[in-house]
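# Tertiary structure, described
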Amino acid sequence: MSKKQLLLQTAAQMIREDGISQLSLERLALKAGITKAGVLYHFDNKANLLRQMNEFAIETFEKRITDHLSDGPYSFTRAYALATLDDVDHGDMDLVAVFISSQEDATSESIWSDVSTGWNERFAVDGPDQDAILKLRLLCDGFWFAVLYGYSESFKGRAATLIREACDELVQGGL
């Protein structure tokens, strides 16, 4: 992992733990054990850091979606669901915190709004049963929040099973 990726992940962890308002380049440098100049080498300012964090979170999730795309019905929806499970399996919930906190930063909100619009377009053409797609998408989104906020420890495994079962049901024609 590069120093820049480490800084992005450390900043995401800080957002998850303390909120976006507590993130500063100085605090990031202290937490990462480097100088502020070392942080400034990668990020001109906090706005640039936030933009790159959002782009990194999106890029990571989009790669996981791509890795799961396959032939068959509801390919994008199933890939989205399996990428969600990957986020949890890889411990990338700090990246989800970046998304959640994006509502507090106008530039970040705009980035995620654009991505969400693209996902909505892909969901809209992914299969005929839009209600089934929405059910699986809401199951995934709820799972993100439950894991992020620690509500899911007692049911995380079962929830992951339900998501996988819902993917299978999409292929078989009923959710």
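Just so it is clear, the structure is predicted and the values come from calculations on it, not from any experiment.

Evaluated as defined, the whole model comprises eight salt bridges. The partner of Glu62 in a salt bridge is Arg122, with the nearest N and O atoms 3.7 Å apart. Pair noted here: Glu62 is in helix α4 (residues 46–68) and Arg122 is in helix α7 (residues 106–124), with a separation of 60 residues, a long-range link. Classification of Glu62 as partly exposed rests on a relative accessible area of 21%. Under the relative-accessibility criterion, Arg122 is labelled partly exposed at 32%.

Attention now moves to the UniProt feature "domain: HTH tetR-type" (unreviewed entry) in the chain. With numbering aligned to this structure, UniProt lists the feature "domain: HTH tetR-type" (unreviewed entry) at residues 1–61. The span residues 1–61 is 77% helix and 0% strand, and its two end C-alpha atoms sit 17 Å from each other.

A separate point is the nonpolar core. Nonpolar side chains in soluble globular proteins tend to end up buried together. With 30 residues, the main nonpolar core has Phe61, Ile65, Tyr80, Trp119, Leu136, Phe143 and Ile163 as its most contacted residues. Of all the elements in the fold, those that place two or more residues in this core are α4, α5 (75–89), α7, α8 (130–148) and α9 (156–172). With sequence-adjacent residues up to four places away left out, Ile163 is seen in contact with Ala81, Leu85, Leu136, Leu139, Cys140 and Phe143.

A cluster of nonpolar side chains, contributed by Phe145, Tyr149, Tyr151 and Phe155, occupies part of the molecular surface with about 440 Å² of accessible area. Inspection of the secondary structure assignment puts Tyr149 in the loop between α8 and α9.

This paragraph deals with the packing of helix α1 (residues 3–18) against helix α2 (residues 25–32). Across the interface, α1 lies against α2 with an axial gap of 10 Å and an inter-helix angle of 110°. Considering the angle they form, α1 stands roughly perpendicular to α2. Residue-level contacts link Leu7, Thr10, Ala11, Gln13, Met14, Glu17 and Asp18 of α1 to Arg27, Leu28, Lys31 and Ala32 of α2. Here the residues of the contact of α1 with α2 are counted per class, giving five nonpolar, two polar and four charged.

When the UniProt feature table is mapped to this numbering, "DNA-binding region" (unreviewed entry) covers residues 24–43. The span residues 24–43 carries 75% helix and 0% strand; its end-to-end C-alpha distance comes to 11 Å.

Quick look at the packing of aromatic side chains now. Two descriptors summarise a pair of aromatic rings, namely the distance from one centre to the other and the angle between the planes of the rings. The full count for this structure, using the stated rule, is nine aromatic pairs. When the ring of Phe76 is compared with that of Phe123, the centres are 4.9 Å apart and the planes differ by 70°; the resulting orientation is edge-to-face. On the criterion of sequence distance, the pair formed by Phe76 in helix α5 and Phe123 in helix α7 is long-range, its members being 47 residues apart. Residues Phe76 and Phe123 agree in their burial class; the two are buried. Considering the side-chain rings of Tyr80 and Phe123, the 5.1 Å spacing of their centres and the 75° angle between planes classify their relative orientation as edge-to-face. Taken as a pair, Tyr80 in helix α5 and Phe123 in helix α7 lie far apart in primary sequence, 43 residues in all. Neither residue differs from the other here; Tyr80 and Phe123 are each classed as buried. Among the aromatic residues, those joined into a ring-pair cluster are Phe61, Phe76, Tyr80, Trp112, Trp119, Phe123 and Trp144. Geometry around Tyr80 places Arg137 over its ring, the cationic atom sitting 5.9 Å from the centre.

Quick notes on the rules
Residues numbered from 1 in each chain as written. Predicted model: local features only at pLDDT ≥ 70, side-chain atom pairs only at ≥ 80, totals over all residues. Heavy atoms only, no water. Salt bridge = Lys/Arg side-chain N within 4 Å of Asp/Glu carboxyl O. Helix = DSSP H or I, 4+ residues; strand = E, 2+ residues; numbered from the N terminus. Buried < 20%, exposed > 50% of the residue type's maximum accessible area, 1.4 Å probe, protein only. UniProt positions renumbered as here; feature names shortened; annotations may be inferred. Core = buried A, V, L, I, M, F, W, Y, C linked by side-chain atoms within 4.5 Å. Contact = heavy atoms within 4.5 Å. Patch = residues over 30% accessible without salt bridge, like charges linked within 9 Å, V, L, I, M, F, W, Y side chains within 5 Å. Areas by Shrake-Rupley, 256 points an atom, 1.4 Å probe, with all protein chains shown as cover. Axes fitted to C-alpha atoms, helices over the stretch in contact; angles between N-to-C directions. Parallel < 35°, antiparallel > 145°, perpendicular 65-115°, else oblique. Nonpolar A, V, L, I, M, F, W, Y, C, P; charged D, E, K, R; others polar. Phe/Tyr/Trp six-rings, centres within 6.5 Å; stacked < 30°, edge-to-face > 60°. Lys NZ or Arg CZ within 6 Å of the ring centre and 35° of its normal.

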